[in-house]
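A structural walkthrough
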Protein chains: 2
Amino acid sequence: MEKNLSLFYGLSILTAALAFFFAAYLYLWVKRQRVQNARILEVSQLIKEGANTFMQREYKVLAIFAAVMGVLIFLLLPSPVWHGNVLQNASMVAAYLAGTVLSAIAGKIGILVATLSNSRTAESARKGIKPAFLVGFRGGAVMGLLVVGCSLLGVAAVLMLTGDSTVLLGFSFGASSLALFAKAGGGIFTKTADVSADLTGKVELGIDEDDPRNPAVIADNVGDNVGDVAGMGADLFDSNVAAMASALVIAQSLTGSRYANLSMVFCYAILGLLASIIGIATARVGENSTPTRALNSSTYVTTGIFLVLTALATLIFDGFSWRVWGAAATGLMVGMIIGITTDYFTDDTKPIVKRVAHASESGAAFTVLSGVSYGFISALPAMVGIAVAALIAYRLCAPMGEGYAIFGIAMAAVGMLSIVGMIISNDAYGPIVDNARGLAEMGGLGEETIRVADELDSAGNTVKAITKGFSIGAAGLTVISLLGAFMSEANAALAKDGKPLLTGFDVMNPTVFFGILIGASIPAVFSAMLILGVDRNAQRMVAEIHRQFQSIPGLRDGKADAKPEYGRCIDIATTGALRELIPAGLMAILATVIVGFIGGPSAIGGFLLGNIVSGLLISLFMSNAGGLWDNAKKYVEAGNEGGKGSRAHKAAVIGDTVGDPFKDTAGPSINTQITVVSLVASLLSTLFVAFSIFG
Amino acid sequence: MEKNLSLFYGLSILTAALAFFFAAYLYLWVKRQRVQNARILEVSQLIKEGANTFMQREYKVLAIFAAVMGVLIFLLLPSPVWHGNVLQNASMVAAYLAGTVLSAIAGKIGILVATLSNSRTAESARKGIKPAFLVGFRGGAVMGLLVVGCSLLGVAAVLMLTGDSTVLLGFSFGASSLALFAKAGGGIFTKTADVSADLTGKVELGIDEDDPRNPAVIADNVGDNVGDVAGMGADLFDSNVAAMASALVIAQSLTGSRYANLSMVFCYAILGLLASIIGIATARVGENSTPTRALNSSTYVTTGIFLVLTALATLIFDGFSWRVWGAAATGLMVGMIIGITTDYFTDDTKPIVKRVAHASESGAAFTVLSGVSYGFISALPAMVGIAVAALIAYRLCAPMGEGYAIFGIAMAAVGMLSIVGMIISNDAYGPIVDNARGLAEMGGLGEETIRVADELDSAGNTVKAITKGFSIGAAGLTVISLLGAFMSEANAALAKDGKPLLTGFDVMNPTVFFGILIGASIPAVFSAMLILGVDRNAQRMVAEIHRQFQSIPGLRDGKADAKPEYGRCIDIATTGALRELIPAGLMAILATVIVGFIGGPSAIGGFLLGNIVSGLLISLFMSNAGGLWDNAKKYVEAGNEGGKGSRAHKAAVIGDTVGDPFKDTAGPSINTQITVVSLVASLLSTLFVAFSIFG
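Keep in mind the model is a prediction, meaning the values are calculated, not measured. (Residues numbered from 1 in each chain as written. Chains lettered and ligands numbered in written order. Predicted model: local features only at pLDDT ≥ 70, side-chain atom pairs only at ≥ 80, totals over all residues.)

Regarding the overall build of chain A
Counted only if it meets this: Starting at the N terminus, helices and strands are each numbered in turn, a helix being any DSSP run of H or I of at least four residues and a strand any DSSP run of E of at least two. The quantity called the radius of gyration is restricted to C-alpha atoms. Its globule counterpart is 2.2 Å times the number of residues to the power 0.38. In this scheme every C-beta is placed from the backbone, and a residue whose C-beta has 20 or more other C-beta atoms within 10 Å is buried, one with 12 or fewer is exposed, and one in between is partly exposed.
From N to C terminus, chain A includes 18 helices and zero strands. Whereas a compact globule of 695 residues would reach a radius of gyration of roughly 26 Å, chain A reaches 24 Å, a difference of no more than 12%. With the C-alpha coordinates aligned to their principal axes, the bounding extent of chain A is approximately 75 × 50 × 45 Å. For chain A, the proportion of its 695 residues judged to be buried stands at 68%.

Thoughts on unusual backbone geometry
Residue and element names in this part refer to chain A. Unusually for a residue other than glycine, Glu 641 sits at a positive phi of about 50 degrees. Along the polypeptide, Glu 641 turns up in the loop between helix H16 (566–637) and helix H17 (647–683). Residue Glu 641 is classed as buried on the basis of its C-beta count, with 21 C-beta atoms lying within 10 Å.

Looking at the nonpolar core
Let me state the cut-off plainly: Only buried Ala, Val, Leu, Ile, Met, Phe, Trp, Tyr and Cys residues enter a nonpolar core, and they are joined through C-beta atoms within 7 Å. Once C-beta atoms have been placed from the backbone, residue pairs whose C-beta atoms lie within 7 Å are recorded as contacts.
Residues Ala 390 and Val 414 of chain A together with Ala 390 and Val 414 of chain B are the most contacted members of the largest nonpolar core, which totals 550 residues. Discounting chain neighbours no more than four positions away, the residues touching Val 414 of chain B are Ala 243, Met 244, Ala 247, Val 265, Tyr 268, Ala 269 and Ala 328 of chain B.

Quick word on helix H15 (residues 510–551) of chain B
Rule in force here: Between the first and last residue of a helix there are one fewer steps than residues, each counted as 1.5 Å, and that sum is the expected span.
Counted at 1.5 Å a residue, the expected span for H15 of chain B with its 42 residues is 62 Å, and the 62 Å between its end C-alpha atoms agrees. Where burial is concerned, most of H15 of chain B is hidden: 34 out of the 42 residues are buried.

Considerations on the interface of chain B and chain A
Test applied: Gly is placed with the polar residues, together with every amino acid not listed as nonpolar (Ala, Val, Leu, Ile, Met, Phe, Trp, Tyr, Cys and Pro) or charged (Asp, Glu, Lys and Arg).
Residue-level contacts link 64 residues of chain B with 64 residues of chain A. Counting residues per element, the side of chain B that touches chain A draws most heavily on helix H11 (residues 364–397) of chain B, which supplies 20 residues. Here the side of chain B that touches chain A is composed, by residue class, of 47 nonpolar, 15 polar and two charged.

Points about helix H5 (residues 165–205) of chain B
Residue and element names in this part refer to chain B. So the rule is basically this: At any given residue, the bend is defined as the angle formed between two axes, one fitted to the seven residues that end at that position and one fitted to the seven that begin there.
Helix length check: H5, at 41 residues, gives a terminal C-alpha distance of 57 Å against a target of 60 Å (1.5 Å per residue), a fit within 8%. Where H5 bends most, the angle comes to about 30 degrees, and this point is Asp 198. Judged by how many residues are buried, H5 sits mostly within the fold: 38 of 41 residues are covered. Two residues or fewer after H5 comes Gly 206, characterised by a positive phi angle close to 70 degrees.

Observations concerning the environment of Pro 668 of chain A
Residues and elements named next belong to chain A. Structurally, the position occupied by Pro 668 is in helix H17. Pro 668 gets classed as buried once you count the C-beta atoms within 10 Å, which come to 28. Separated by 46 residues in sequence, Pro 668 and Met 622 have C-alpha atoms that sit 8.4 Å apart. Not counting residues up to four positions away in its chain, the partners in contact with Pro 668 are Lys 183, Gly 187, Asp 235, Lys 468, Ser 619 and Ser 623.

Quick notes on the relation of the copies chain B and chain A
Here is the rule: In this comparison the copies share one frame, found by least squares on the C-alpha atoms of residues holding pLDDT of at least 70 in both.
Aligned on chain A, chain B shows an RMSD of 0.0 Å; the corresponding rotation is 180 degrees and the shift along the axis is 0.0 Å. The two molecules are tied by a two-fold rotation axis, judged by turn and shift. Considering only C-alpha atoms, the part of chain B nearest the rotation axis is Asp 506 of chain B, at 2.1 Å. Looking at the interface residues of chain B, 100% of them are also at the interface in chain A, so both copies use one shared face.

Structural notes on the confidence of the model for chain A
Worth spelling out the cut-off: Scored from 0 to 100, pLDDT reflects the predictor's confidence in each residue.
Per-residue confidence for chain A gives a mean pLDDT of 89, with 100% of residues at or over 70. Among the prediction metrics, the complex's ipTM stands at 0.90, with pTM recorded as 0.92.

Looking at the packing of helix H3 (residues 86–124) of chain B against helix H6 (residues 217–253) of chain B
All names here are of chain B. For the record, the criterion: Note on geometry: axes are lines fitted to C-alpha atoms, helical ones only across the stretch in contact, with angles between N-to-C directions running from 0 to 180 degrees. Each crossing gets its handedness from the near helix: less than a right angle anticlockwise from the far helix is left-handed, clockwise is right-handed.
At a minimum axis separation of 9 Å, H3 and H6 run at an interaxial angle of 145 degrees. Note that H3 runs across H6; the crossing there is right-handed. Contact residues: H3 offers Ser 103, Ala 106, Gly 107, Gly 110, Ile 111, Ala 114 and Thr 115, while H6 offers Asn 225, Val 226, Val 229, Ala 230, Gly 233, Ala 234, Phe 237 and Asp 238. Its residues assigned to classes, the contact of H3 with H6 shows eight nonpolar, six polar and one charged.

Considering the environment of Gln 45 of chain A
Inspection of the secondary structure assignment puts Gln 45 of chain A in helix H2 (residues 38–76). Through-space distance from the C-alpha of Gln 45 of chain A to that of Thr 115 of chain A is 8.2 Å; in sequence the pair is 70 residues apart.

Written as structure tokens, this is what we have:
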């Protein structure tokens, strides 16, 4: 064992505890803020209840899924229980379940805080932008700290207790299988509500987004929480765990080394969390500053602190390599660059958004066509960035010895995700202030407060583009290292069977090529299934809204005693999301299993590669095009190209509606789909080696 | 040399001559049909002139491009002229120029016949569906026969004269560099005109598609010819040449073999052309039949004859292998399957089109979302089909010896393209009858004639989906074999430099991976650039149409003496297409060169793979989604979901407008982009080996 590893296990647990304490402090701080407006209290209560209802019902479904998976894992993984080691299979199940539970807890608490912060942010917005920003941001930070704390604690505990990195993959699979459904389910819920509310409210009636007459308005606000807070939290929990797990699996395969590889992984994760805590503690809107600048500058502060701390650690500790530091720094820098280029394509002060808004004057077809085009182009810088980061990290670490090159890539992913605490805080801030804006309107807090809330909201949208770019980039690097992890798992199985080992996956091998083509199709089909799910679900909800407008007297005209039945809409979104989330996820998992049993490890290597490549491309395309359309619509609504009600506005609204499931349902779910598929492949590698037809 | 090779050279030239004679016979037959309607004569003359103007100006630009390329090739390829063989470089240039010239001739004559057939088809439609079908189909067949005859003649002549398959790649590059621009330029022209005509005519004024008041209506008809006839012909000429060339390059590398590999390639091409001639000669609408059935059944007849003839050849000739026959048959069968699944997604008698039409009732956003989703899903069967075909062909031929596996894949591509003569005939039939429909309307031939023309046109649309699926599938297999051709070229260069040979492209090698990620982005960026080109160009044309409606008195109301200035619209489309076509093509070529000089042959191997995979996915997605939207609109216009003028119809029109550049500009151009990039890579392999930074 590495000399200082116990130290780092200890420090991991301590740092996680510190993060939990700080999160608790922030939670209590947010809770202390007062809400007086009765209407806000009432509505925020409705949102909270709606979110809890959905989460409860979703977790019930996922518990069944996890139980079934648990049984399958016990029977089959890491090797069939009838000729394997019962204890090992049992610890695999335990790790798997721990992964699902921690993910669920992080999501649940995130929702709790978010639904607490929204009303308090709205109320604080009466006092100005500074206090309101602080409430919104700190609410989000609770989620950020929890997610990172849970992942660090979980990974350290599993490895400390079992010493077996394969079991760690089980933990990671628990996290990601839950994330897949949480992200997809939440994404379907939120966009069902959003799209239906927009269609019936803005388009048909010409009323405002958060008009309380609209029966879907509460569901829309609930959706922000279950999709963006809980779903996104589960997603980044999953990415973070997967990045650490794959780095640790590779580190453990580098035996007899003079480097402290495992220690470096933990040390970087610890320092990233510390840097995030400092960044979070110091974030505020200063004099002459704006919320956007506050969010961005705290990200930069966190990055700087992380780089300095890890450099110090490299100086201090034996067996820490500057090459690894370079790989991690490269990852982090490339993450920034991806974020900034994403911003260029989606920020409404930059030319692209303006062009799409201008194209809307010729009609919706041009909004769609130009958005699709720029969405495709926007993928290029990120793809190049990931490619270059992988190449640099690989070349930096290759001289350290056999197997280190792929470890370098894994550490680039760890580096990119090191500041994930900060990233999640920024990301969770978005739905909180979005809700706050709605509450300010529904509570009738007046023009000035709504304006403040609008400014907070717009910062959330801008920052979201960057954090999404970041998380897709990190997922890209993580899955490359998961491909490495898969190869080392497959080779372990091949060695046991006395078969020749894999040295790589040659694209000229038709079995690999077969896998590549099918793997590349999966993200396309997966995202299509989710979008169609939103589509079907929204049609149900629109029908319900029409029914309410027809059958509840006075509702359309806003009579005081005409109350819409918000609960029915929440119910439709919930039922529909749960019905639609399972098939897409299962399709991806089954495709992996089928390809594996047909073509064996070579086909799976190709499958994972194809999946990564097209997954990255499609998710970048969808996330960026969606963000672009959203901001083009906002740009028009701000009075450009004819402003609200113009031909351009109608077209921009159609673009935004197309973009909604792109950017909030399908795009970000693809990340998780890739991770799940990679982990399934690694976990089943023994079976694929033993039972494939052409393998 | 193989025993019977001279025989097959001779037969190739004879068969090509037979195809030319038959084409000449059909041309004269079409020409003999009479046109009496003065208005039709006038309009068809306008179309012809417009098409010729565009072709002349396009070929002028392309001649400059070809000349520059010719000089570069002479200086650099296959090796720098200052330390290479001047004669070899000169024959390379000659082959390159021959490729461009043959491609241009095929396009030019295709246009000539198509613009001749359209008026004659319209006139014959007065006599009923059977004679009109024959005129339209035989006009298209002239193009089909010419393209296949030219490619067979060219390939046989180049190989016979030089005996050097690298020079053959030069010929293929000539064909594909011209095709890239012809397809992209024609695609931009046709969709500029189509979109502008629809936007101003159908959407703004509510007048019919072919209403002669619309200044863009002639440009729209010209576009059908320059995009679908000339562009598509150049595209399939290119695919066909590339498939044969890559098979021949690989066959020539299989030295000292007991198989007659080169002979098999030529024999299959010859028999495919013969089968197509028989299929074309027998195609007609029988009793109780429809144009769609006539087109499809002649495709099946051709396929059957090809399979029987090649089986006979395998029995008769020494060194012909049943395994190769199996590979070719697999390719052909998979082509059929891809066609049929494509049809499922785009035929308006099948459920998918109906669903998209139904979704349109909720607004354009749902038309777009459901079309995008089904477009993505529709890529899956084709991707699986190509993957399975490659796997089967590889496994069939691998036992024949080292290097035969990849030859098997190349022969699957040759098999899939064997019936390309028939495919092109079907495909060129489409724009001819589309034009005929317009002419029937403009010539005032009455309801019944327009109904007949409509039926012919609708068959053209249905068949188009199948032929597009076919050509994308063939391109997929061809480029896999081009990847093999690239590796053998790169290894020849590496061997000369005394460097270690490539054994494949391992995705775990970060240089390969770097190439994959960038290669995968290129089709996305390429298609985006083309779509934005259409977008910009259409905005210019719409402005011009508005100007005409405002400044020409009585035009809007259809007064007899108010003539629109059709020429100005044609001019805008021409100038714009030429301005927009170069950057996208150059971008793809430059990206290849940059990646090659950075990462050397390994990076290029990855680059080509990424390019193939994402190119296939995106082009299948775009072609199918576009076809789906087109037919969903037609389905609504046929009176479903509220029919013309309904909310669903408005939404379906937006979907169709989005789909237009998808299916007729970007989607089908990606094929050519992939081929060009593969050939550039093969041709520059010597330079990449010598001068790359990280190679």
